[in-house]
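Letter by letter, the chains look like this.
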Amino acid sequence: MSLEKPVRVRYAPSPTGLQHIGGVRTALFNYLFAASLGGRFILRLEDTDRTRSDPAYVQNLYESFAWLGLRWDEGPDTGGPYAPYVQSERADLYRRYAGELLDRGEAYRCFCTGERLERIRHEREASHSGVTGYDRFCRDIPREEADARAAAGEACTVRLKIPLDASGPSTCFTDRLLGEIEWKNADVSPDPVLLKSDGFPTYHLANVVDDHLMGISHVLRAQEWLSSTPLHVIMYRAFGWEPPEFCHLPMVMGQDGKKLSKRHGAASVDEFRRQGYLPEALINYVALLGASYEEGASYEEGSSQRKADIYSLEELAASFSLDKLNKAPAVFDYQKLEWYNGQYIRMKDDEALAALALPYAGGIFAGNEATAAERRVFTAAMPLVRERAVFLPDIPAKLAYLFRDPPAAPTEVFIPQKLGLAQAAALLRMGRELLPALAALDDAGAEALVKERAAKESVKLGDLLMPLRAALTGSRVSPPLFGSIRLLGADRALARVDRALAQMDRALAR
Ligand code: GLU
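On a predicted model such as this, the values are computed, not experimentally measured, just so you know.

K.L.:
I'm lost on the site of the ligand in this one. Help?
P.N.:
Taken together, the residues surrounding the ligand are Arg10, Ala12, Ser14, Glu46, Tyr203, Asn207, Arg221 and Trp225. Measuring from a nitrogen atom of the ligand, one finds a side-chain N or O atom of Ser14 at 3.0 Å. Side-chain polar atom of Glu46 to a nitrogen atom of the ligand: 2.6 Å apart, as the coordinates give it. Calculation on the ligand without its partners gives an accessible area of 290 Å², and the protein chains cover 84% of this total. Applying the majority rule of atoms within 2 Å of the grid points places the ligand in the largest pocket. Class assignment of the residues belonging to the shell around the ligand gives a composition of three nonpolar, two polar and three charged.

Here's what the structure looks like:
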């Protein structure tokens, strides 16, 4: 058995915005990778950008992942052996490691002022030289001189010495998904800043130091970070450390091939949650973004016999492997996600679904909040709507007629095709007679009863039921009628029919 490093992976967001679906994908893949190998999943907050980081976004991150049901083994809130897991609380450490690179001759102090950097940028632009980045002006200042200037209080940054030629013209590393990557050192940012003049680290320094100190074995992150990796590898070498394994995950795009953003639709977890998605659906769908689980069994758009990969978090964790990743970018398909949502809605029992849908039910009950009796009716109504609901808010929207009398419908709504108002009123009276019995029968019994009556009166079943449905629900399209009658109860149903009959009689009298 080889003595491999224990599997430790991390999600390292910068709290500079709402949790985005791309971040969730990165976190989820790290989580699944750790879970599939019995490793540990770590949350680390990369909040070194003091102007853009905001505690509100940290809160949003915690809430988003709590809702998604995704937990880390170590993190700022859970603690762990490598605490603190918040970079702003580790500033001394980064200063120490920047000092170590200075001592090793792998970094240098730079005293260039903002004005100087600005000036050379302008000069280069004006001369169309095409050269960008720092001109390495301070790279060769002798160490003692630089130390003395810093000790005297002169502001300085610490920059990494990108090897110019001695260690070869390029940096190579292996990406678990993309294979061998060779990057010309000339294309790496010339001597990037590691420590800013305020003593705070840049992303690169803090990220590499922490991945090393926290024993991170694999870095799974979005492909947009690929261009930072040569620089990180150079830093690992400068420290004399072994780099982790890298695996850059395929990007998540909108249908137009651009990086997924608000322009494409909901992109933040908050937004999906507000729209009435279930966390299980989001997890299931996001797990397939850039990975394929089972050949053959996949969602087929537009087919009546839709098949799909329906997996719980546990099932995903059991079968996740980096071999299942795709190189090509993943395209976010809102329709497919909606389909998943509908599937997960169907898997909920009445109690669970009612509890999930209730927060979206504002305004459908008689008072501000559901009474205990209304709650019971709401729960009992789930079988009427479960099959057709795509989003949670669809559920209360379809059931409002159970709790408040629907607004009076125009008289035409009660009239079946090819019939007149008088016939419609007669049909509704026929339906009215059946109501007390229908309210007490199950679906099969109710169906038998209305069929028998329609046959006896020689009327079409649809013509008998249509005015009744319209009178009870205010619309020709509604959840199943017999279930609705049972939930309304005979008295309420009779009162609504009487109201409709009165309206029809008034119209007939005109
Ligand atoms: N803080 C970076 C981010 O916001 C982390 C990138 C990485 O995983 O190295 O995504």
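K.L.:
What exactly am I supposed to notice about the side chain of Arg139 here?
P.N.:
Mapped onto the elements, Arg139 comes out in the loop between helix H4 (114–126) and helix H5 (143–151). The buried category is assigned to Arg139, whose relative accessible area is 12%. At 3.0 Å, the side chain of Arg139 forms a polar contact with the backbone oxygen of Ile162. A distance of 3.1 Å separates the side chain of Arg139 from the side chain of Asp191, its partner in a polar contact. Among residues more than four places away in sequence, those in contact with Arg139 are Tyr108, Lys161, Ile162, Leu164 and Asp191.

K.L.:
Is there a simple way to explain the packing of aromatic side chains in this structure?
P.N.:
One pair of aromatic rings is described through two measures. These are the centre distance and the angle between the planes. Scanning the entire structure with this criterion turns up 22 aromatic pairs. Summarising the aromatic geometry, the rings of Tyr203 and Trp225 are spaced 4.8 Å apart at their centres and angled 45° between planes, so their arrangement reads as tilted. Pair noted here: Tyr203 is in helix H6 (residues 203–213) and Trp225 is in the loop between strand E8 (218–222) and helix H7 (229–239), with a separation of 22 residues, a long-range link. By relative accessible area, Trp225 is classed as partly exposed at 33%. Ring pairs connect the aromatic residues Phe272, Tyr277, Tyr285, Phe332, Tyr334, Trp339, Tyr340 and Phe391, which therefore count as one cluster. Directly above the aromatic system of Trp72 lies the positively charged group of Arg71, at a separation of 4.9 Å from the ring centroid.

K.L.:
Explanation requested: the sheet that holds strand E3 (residues 107–110) in the structure shown.
P.N.:
Across a sheet, strands are paired by hydrogen bonds formed along the backbone, either parallel or antiparallel in direction. Across the sheet, which stays open at both edges, the three strands sit in the order E3-E4-E7 with antiparallel pairing between neighbours. Since the sheet does not close on itself, it has two edges, and those belong to E3 and strand E7 (193–195), each with one partner. Across the sheet, the axes of successive neighbouring strands diverge by a mean angle of 45°, strand direction being ignored. Pairing analysis gives two bridges linking strand E4 (residues 157–160) to E7, with the strands arranged antiparallel. Within E7, the position partnered with Arg159 by the bridge is Val193.

K.L.:
Is there a simple way to explain empty space enclosed by the protein in this structure?
P.N.:
One simple way to see leftover space: roll a probe sized like a water molecule over the atoms. Tallying each qualifying case throughout the model produces one cavity of 30 Å³ or more. Of the volumes computed, that of the largest cavity is approximately 70 Å³. Surrounding the largest cavity, Pro406, Pro407, Ala408, Ala409, Phe414, Ala470, Ala471, Gly474, Arg496, Arg499, Ala500 and Gln503 form its lining. Elements supplying a minimum of two residues to the lining of the largest cavity: helix H18 (461–473) and helix H20 (490–509). If you tally residues by element for the lining of the largest cavity, the top one is H20, at four residues. Residues of the lining of the largest cavity, tallied by class, amount to eight nonpolar, two polar and two charged.

K.L.:
Even after reading the chapter, I still don't get unusual backbone geometry, so can you show me in this structure?
P.N.:
Leaving glycine out, the prevailing phi sign among residues is negative, and the prevailing peptide bond configuration is trans. Residues Ala83 and Pro84 are joined by a peptide bond in cis, for which omega reads -5°. With respect to the helices, strands and loops of the structure, Pro84 is situated in the loop between helix H2 (55–68) and helix H3 (91–103). Even without being glycine, Asp191 reaches a positive phi, approximately 50°. The residue Asp191 is located in the loop between strand E6 (179–184) and E7 in this model.

K.L.:
When you look at the nonpolar core in this model, what are you seeing that I'm missing?
P.N.:
One recurring pattern in soluble globular proteins is that nonpolar side chains are buried together. Ranked by size, the top nonpolar core spans 112 residues in total, and within it Leu32, Phe332, Phe378, Ile395 and Leu399 carry the most contacts. Ranked by size, the runner-up nonpolar core spans 33 residues in total, among them Ala107, Leu160, Ala206 and Val209.

K.L.:
Honestly, the layout of surface pockets in this entry has me stumped. Any pointers?
P.N.:
Approximately 1,200 Å³ is the volume found for the largest pocket. Ser14, Thr16, His20, Glu224 and Trp225 are, among the 43 residues lining the largest pocket, the residues nearest its centre. Mapped onto the lining of the largest pocket, the elements with two or more residues apiece are strand E1 (8–11), helix H1 (21–37), H2, H6 and E8. Considering each element in turn, the lining of the largest pocket owes the most residues, five residues, to H1.

K.L.:
What is the right way to look at the pattern of salt bridges in this model?
P.N.:
Opposite charge on two side chains lets them pair, provided their charged atoms get close. Enumeration according to the criterion identifies 37 salt bridges in this entry. Asp103 serves as the salt-bridge partner of Arg143, at 3.0 Å between the closest nitrogen and oxygen. Residue Arg143 is located in helix H5, and its partner Asp103 is located in helix H3; the two are separated by 40 residues in the primary sequence. Using a relative accessible area of 32% as the deciding quantity, one classes Arg143 as partly exposed. The partner of Glu154 in a salt bridge is Arg149, with the nearest N and O atoms 2.8 Å apart. You can call Arg149 partly exposed: its relative accessible area is 26%. Counted as one network, the salt bridges with shared partners bring together Arg10, Arg44, Glu46, Arg90, Asp210 and Asp211.

Cut-offs and rules
Residues numbered from 1 in each chain as written. Predicted model: local features only at pLDDT ≥ 70, side-chain atom pairs only at ≥ 80, totals over all residues. Heavy atoms only, no water. Near = heavy atom within 4 Å. Polar contact = N/O pair within 3.5 Å; in protein donor to acceptor, adjacent residues only side chain to side chain. Areas by Shrake-Rupley, 256 points an atom, 1.4 Å probe, with all protein chains shown as cover. 1 Å grid on protein atoms, 1.4 Å probe; cavity = no way out; pocket = protein on both sides within 12 Å on 5 of 7 lines; lining within 4 Å. Sits in = over half its atoms within 2 Å of the grid points. Nonpolar A, V, L, I, M, F, W, Y, C, P; charged D, E, K, R; others polar. Helix = DSSP H or I, 4+ residues; strand = E, 2+ residues; numbered from the N terminus. Buried < 20%, exposed > 50% of the residue type's maximum accessible area, 1.4 Å probe, protein only. Contact = heavy atoms within 4.5 Å. Phe/Tyr/Trp six-rings, centres within 6.5 Å; stacked < 30°, edge-to-face > 60°. Lys NZ or Arg CZ within 6 Å of the ring centre and 35° of its normal. Pairing = 2+ DSSP bridges. Axes fitted to C-alpha atoms, helices over the stretch in contact; angles between N-to-C directions. Points joined across faces, edges and corners; volume = space filled by probe spheres on them. Core = buried A, V, L, I, M, F, W, Y, C linked by side-chain atoms within 4.5 Å. Salt bridge = Lys/Arg side-chain N within 4 Å of Asp/Glu carboxyl O.

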